[in-house]
Amino acid sequence: MSVQTLTILGATGSIGGSTLDVVRRHPDRYRVFALTAFQRMAELADLCREFRPDCAVAATAEQAAALAGALRADGIATEVLWGEQGLIQVAAHEQVDAVMAAIVGAAGLESALAAARAGKRVLLANKEALVMAGPVFMAAVRENGAVLLPIDSEHNAIFQSLPRGFSRNLDDDGVRRILLTASGGPFRTTPAEAMAAVTPAQAVAHPKWSMGPKISVDSATLMNKGLEVIEASFLFNLPAERIDVVVHPQSIIHSLVEYVDGSVLAQLGNPDMRTPIAHALAYPERIDSGVAPLDLFQVARLDFEAPDLERFPCLGLAYRALREGGRSPAVLNAANEVAVAAFLDGRIGFAAIPRLIAAVLDEVGTSAVHSLGDVREADRLARQAALGRVAGH
Ligand code: NAD
Ligand code: MG
């Protein structure tokens, strides 16, 4: 077994922490080449002391200088880079075998794409990269021989439920449709009238998963599932009509694939991101992840219900953006990022999130995307439109 050299983008986040927890269990299999963080520099310093990476990446030159000084004082020779160029450098570095792309939001696009262009094994948690730039990203993977392994638990479950080495045309593999499961989030049973008064603290308190603040709000609006429908469409090359969402509050079935002969294959497990992370790290082998075995007697029952598109309009907006195609998914993503940040800052209410996104989709409109430049332009226009609407609130 050869040692795999890793870059972990977003090492101080929820996915970054779970990744390092799995890596810690297998010192014989993995070596950390680079760790990156945007804030929480003391945490990044501690991780550098523990994992002794060749490189670390901070957000600014000042942060980088301070971190390098602190590490030097401890006799640690980690080179500290900064900014987007630093992220791209450690994602594409020739010594690196695999890159965990776990930065949150559009900020993770360029470095994840750099890993794909450099032909790495790309462990993709940053779903926003695929939502924004799906065709560009998938072309970079194919043209450079990168191996794309989904970390999002639903997409990892589908990957595991497809034949190994599945084709880009799932008709050839006998797939009729895929079903993404959704926990329903903290407001699954909250009446429509009560949704407007929801607070940020209530929205980030997810019943089943422990995650960063942005994806927690996305789970509460069901935009997370909407982004995942778009992510699945690009990853598995399926149109919107062949991707369905099933609300499953226990979060034990992580998603399902339905075949033409009536077979439905699923992946089950406790809701803990270390399972998909360990799967992707070791693929095609299997390693211990630290996750407790699934106790079906304790789970006892599995429930399923249809999503309520009236109480959760964000899911419908994501389907709309996917059907419109072109730049609409990038516009949806940017408007959502602005709306979620404004909600977390107390500047807009919970029910204003879908209204704002719908208005920005209408205002910016769709057009074809041919390059990363078109994606960046869509992102810029949508942020400008969304910020204007937040200011006018
Ligand atoms: P998080 O907020 O906990 O961590 C985000 C990480 O990105 C941190 O290390 C932070 O320092 C870094 N970061 C933030 N802004 C940055 C910027 N502008 N430039 C560079 N680095 C920046 O988020 P998370 O919950 O770990 O989610 C990370 C990604 O994984 C998201 O795309 C999310 O949708 C996806 N994901 C997360 C989970 C989960 O369980 N947390 C599950 C599925 C998918
Ligand atoms: Mg998910």
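Residues numbered from 1 in each chain as written. Chains lettered and ligands numbered in written order. Predicted model: local features only at pLDDT ≥ 70, side-chain atom pairs only at ≥ 80, totals over all residues. Heavy atoms only, no water.

Caption draft 1: Quick peek at the sheet that holds strand β7 (residues 147-150). Read from one edge of the open sheet, 7 strands run β4-β3-β2-β1-β5-β6-β7, paired in parallel fashion. At either end of the open sheet lies a strand with only one pairing partner, and these are β4 (79-82) and β7. On average, adjacent strands in this sheet sit at an angle of 25° to one another, irrespective of strand direction. As paired strands, strand β5 (residues 98-101) and strand β6 (residues 121-124) are joined by 4 bridges and run parallel to one another. Bridge pairing in β6 places Ala 101 opposite Leu 124. Against the sheet, helix α4 (residues 83-92) contacts β1 (4-9), β2 (30-36), β3 (55-58), β4 and β5, and its axis sits at roughly 125° relative to β4. (Pairing = 2+ DSSP bridges. Helix = DSSP H or I, 4+ residues; strand = E, 2+ residues; numbered from the N terminus. Axes fitted to C-alpha atoms, helices over the stretch in contact; angles between N-to-C directions. Contact = heavy atoms within 4.5 Å.)

Caption draft 2: Summary view of the environment of Ala 201. Take Ala 201: it is sitting in helix α9 (residues 200-204). Relative accessible area serves as the criterion here: at 57%, Ala 201 is assigned to the exposed category. When the C-alpha positions of Ala 201 and Leu 344 are compared, they lie 8.6 Å apart, and in sequence the two are 143 residues distant. (Buried < 20%, exposed > 50% of the residue type's maximum accessible area, 1.4 Å probe, protein only.)

Caption draft 3: Broad picture of the coordination of the magnesium ion (ligand 2). Binding of the magnesium ion (ligand 2) to the protein goes through Asp 152 (OD), Glu 154 (OE) and Glu 228 (OE), at separations of 2.1 to 2.2 Å. By relative accessible area, Glu 154 is classed as buried at 7%. (Donors = N, O, S within 2.8 Å, 3.2 Å for Na, K, Ca; no water.)

Caption draft 4: How the structure looks around the domain arrangement of the protein. For the protein, the assigned domains read domain 1 (4-150), domain 2 (151-312) and domain 3 (325-393). Each of domain 2 and domain 3 was reduced to a C-alpha centroid, and the two centroids are 24 Å apart. Counting residues at the interface gives 17 residues for domain 2 and 12 residues for domain 3. Contact between domain 2 and domain 3 buries roughly 1200 Å² in total, counting both sides, with carbon and sulfur atoms accounting for 84%. There are 0 salt bridges connecting domain 2 and domain 3. Where domain 2 packs against domain 3, one counts 1 residue pair in polar contact (both at pLDDT 80 or more). Contributing elements (two or more residues each) for the side of domain 2 that touches domain 3: α9, α10 (213-221) and α11 (223-236). Here the element with the most residues in the side of domain 2 that touches domain 3 is α10; it accounts for 6 residues. Here the residues of the side of domain 2 that touches domain 3 sort into 13 nonpolar, 2 polar and 2 charged. (Domains from an automatic or database assignment. Buried area = accessible area lost by both parts, 1.4 Å probe. Salt bridge = Lys/Arg side-chain N within 4 Å of Asp/Glu carboxyl O. Polar contact = N/O pair within 3.5 Å; in protein donor to acceptor, adjacent residues only side chain to side chain. Nonpolar A, V, L, I, M, F, W, Y, C, P; charged D, E, K, R; others polar.)

Caption draft 5: Region of the structure containing the sheet that holds strand β11 (residues 264-268). Strand order in this open sheet of 4 strands is β9-β8-β10-β11, and the pairing throughout is mixed. Two strands lie at the open edges of the sheet, namely β9 (243-247) and β11, each paired on one side alone. Taking the axes of each pair of neighbouring strands and ignoring which way they run, one obtains an average angle of 20° across the sheet. In this sheet, strand β10 (residues 253-259) lies alongside strand β8 (residues 175-182) in antiparallel orientation, the contact comprising 4 bridges. In the strand pairing of β10, Val 175 is matched with Tyr 259. Where helix α7 (residues 153-161) meets the sheet, its contacts fall on β8, β10 and β11, and the angle it forms with β10 comes to roughly 40°.

Caption draft 6: The arrangement of α10 in detail. The buried fraction of α10 amounts to 7 of the 9 residues, a majority that puts the element mostly inside the structure. Those residues of α10 not exposed but buried are Lys 214, Ser 216, Val 217, Asp 218, Ser 219, Ala 220 and Thr 221. Buried positions along α10 lie against α6 (127-143), α9, α11, α14 (313-324), α15 (328-344) and α16 (352-364). Backbone geometry just after α10 places Leu 222 at a positive phi near 70°.

Caption draft 7: Representation of the packing of aromatic side chains within the structure. Applying the stated rule across the entire model yields 5 aromatic pairs. Ring plane angle 50° and centroid distance 5.9 Å describe the contact between Phe 166 and Phe 236, whose orientation is recorded as tilted. Placement of Phe 166 in the loop between α7 and β8 and of Phe 236 in helix α11 is noted, with a sequence separation of 70 residues between them. Under the relative-accessibility criterion, Phe 166 is labelled partly exposed at 22%. Following the ring pairs from residue to residue traces out a cluster consisting of Phe 159, Phe 166, Phe 236 and Tyr 283. (Phe/Tyr/Trp six-rings, centres within 6.5 Å; stacked < 30°, edge-to-face > 60°.)

Caption draft 8: Structural view of the pairing of β6. Alternating positions in β6 separate into two faces, Arg 121 and Leu 123 on one and Val 122 and Leu 124 on the other, with burial throughout. Remark: the β5/helix α5 (residues 109-117)/β6 crossover connection has right-handed handedness. In this sheet, β7 lies alongside β6 in parallel orientation, the contact comprising 4 bridges. Counted as the bridge partner of Leu 123 is Leu 149 from β7. (Right-handed = clockwise from strand over helix to strand, strands pointing away.)

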